[in-house]
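# Reading the structure
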Amino acid sequence: VQLQASGGGLGQAGGSLRLSCAASGITYSNYIMRWYRQAPGKQREFVAGVTSGGTTDYADFVKGRFTISRDNARNTVWLQMNSLKPEDTAVYYCNTRRTVTPTVTYWGQGTQVTVSS
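Residues numbered from 1 in each chain as written. Predicted model: local features only at pLDDT ≥ 70, side-chain atom pairs only at ≥ 80, totals over all residues. Heavy atoms only, no water.

## Here we look at the overall build of the chain
In plain terms, the rule: Helix and strand assignments come from DSSP, with helices taken as H or I runs of at least 4 residues and strands as E runs of at least 2, each series counted from the N terminus. C-alpha atoms define the radius of gyration, and 2.2 Å times the number of residues to the power 0.38 defines the globule rule. Contacts are assigned to residue pairs that have any heavy atoms within 4.5 Å of one another. Methods summary: accessible areas were calculated by the Shrake-Rupley approach with a probe of 1.4 Å, and residue burial reflects only the protein chains presented.
Looking only at helices and strands, the chain has 0 helices and 11 strands in total. Taken over the C-alpha trace, the chain has a radius of gyration of 14 Å; the compact-globule value for 117 residues is 13 Å, and the two agree within 12%. If you take every contact in the chain between residues at least 6 apart in sequence, the share linking residues at least 24 apart comes to 53%. Put simply, the chain shows about 5900 Å² of open surface, and 45% of that area lies on carbon and sulfur atoms.

Written out as structure tokens, the structure reads:
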């Protein structure tokens, strides 16, 4: 199983970045896709998730700014990040959890997002 995240980089406050995560080695429709992030000195935290049916969930601190989406045919999930804030600076991780038993979770390698003020 491989989760390949990309799209991180340097953004400006108020600007936008788009992350993508391509999954391989899984039956994509059986997995919920999620993004987490971890800022320096802080615990990893949930950002957004999307089920195979398209139901989304967001952390309060990104609601209205970030949008998660997925394409089941392309085994890819995206995180569109708008209205960026310096506090969005973190390593962003793609995560997937199998929704049928036995449940299993996989993590991608992370991609750095840095937002300048």
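## Brief notes about the pattern of salt bridges
Heads up, the condition is: We define a salt bridge as a side-chain nitrogen of Lys or Arg found within 4 Å of a carboxyl oxygen belonging to Asp or Glu. Here's how the labels work: a residue is buried when its accessible area is under 20% of the maximum for its type, exposed when over 50%, partly exposed in between, all with a 1.4 Å probe on protein chains only.
Scanning the entire structure with this criterion turns up 4 salt bridges. In this structure, arginine 37 engages aspartate 88 in a salt bridge whose closest nitrogen and oxygen atoms are separated by 2.9 Å. A residue pair is termed long-range when its members are at least 10 positions apart, and arginine 37 in strand S4 (residues 31–38) and aspartate 88 in the loop between strand S8 (76–81) and strand S9 (90–98) qualify at 51 residues. No difference in accessibility class separates arginine 37 from aspartate 88, as the two residues are buried. Between lysine 63 and aspartate 60 there is a salt bridge; the shortest N-O distance is 3.1 Å. Salt bridges linked by common partners bring Arg37, Glu45, Arg65 and Asp88 together as one network.

## What about the nonpolar core?
The condition is simple: By nonpolar core is meant a set of buried Ala, Val, Leu, Ile, Met, Phe, Trp, Tyr and Cys residues that side-chain atoms within 4.5 Å join together.
Trp35, Val77, Leu79, Met81 and Tyr92 are the most contacted members of the largest nonpolar core, which totals 29 residues. Take this core: its biggest share by element is 4 residues, from strand S3 (residues 17–24).

## Side note on the sheet that holds strand S1 (residues 2–6)
Definition in use: Paired strands, as defined in this entry, are two strands with at least two bridges between them according to DSSP. Between the N-to-C directions of two axes lies an angle of 0 to 180 degrees, each axis being a line fitted to C-alpha atoms and, for a helix, fitted only over the stretch in contact.
Pairing is antiparallel across the open sheet formed by 4 strands, whose spatial order is S1-S3-S8-S7. Each edge of the open sheet is held by one strand with a lone partner, namely S1 and strand S7 (66–71). Strand-to-strand twist across the sheet, computed as the mean angle between neighbouring axes with direction ignored, equals 15°. The pairing of S3 with S8 spans 6 bridges and is classified as antiparallel. Across the sheet, residue leucine 17 finds its bridge partner in S8, namely methionine 81.

## Describing the packing of aromatic side chains
Aromatic ring pairs are defined here through the distance separating the ring centres and the angle between the ring planes. What counts, and what does not: Any two of the Phe, Tyr and Trp rings considered here, Trp counted by its six-membered ring, make a pair once their centres fall within 6.5 Å; the pair's planes then place it as stacked at under 30 degrees, edge-to-face at over 60, or tilted in between. Think of it as a cone above the ring: NZ of Lys or CZ of Arg counts as a charge over the ring if it is within 6 Å of the ring centre and within 35 degrees of the ring normal.
Evaluated as defined, the whole model comprises 4 aromatic pairs. Measuring from centroid to centroid gives 6.4 Å for tyrosine 31 and tyrosine 106, while their planes differ by 40°, and the two rings are tilted. Of this pair, tyrosine 31 sits in strand S4 while tyrosine 106 is found in strand S10 (residues 105–107), placing the two residues 75 residues apart along the sequence. Ring geometry for tyrosine 93 and tryptophan 107: centres 6.4 Å apart, planes at 85°, overall edge-to-face. Here tyrosine 93, found in strand S9, pairs with tryptophan 107, found in strand S10; they are 14 residues apart in sequence, far enough to count as distant. Since its relative accessible area comes to 14%, tyrosine 93 is described here as buried. Through successive ring pairs, a cluster of aromatic residues spans Tyr36, Phe46, Tyr93 and Trp107. The aromatic ring of tryptophan 107 is capped on one face by arginine 44, whose charged end is 4.6 Å from the ring centroid. Above the ring of tyrosine 28, the side-chain terminus of arginine 70 is found at 4.3 Å from the ring centroid.

Purely geometric stuff here, so don't read any function into it on its own.
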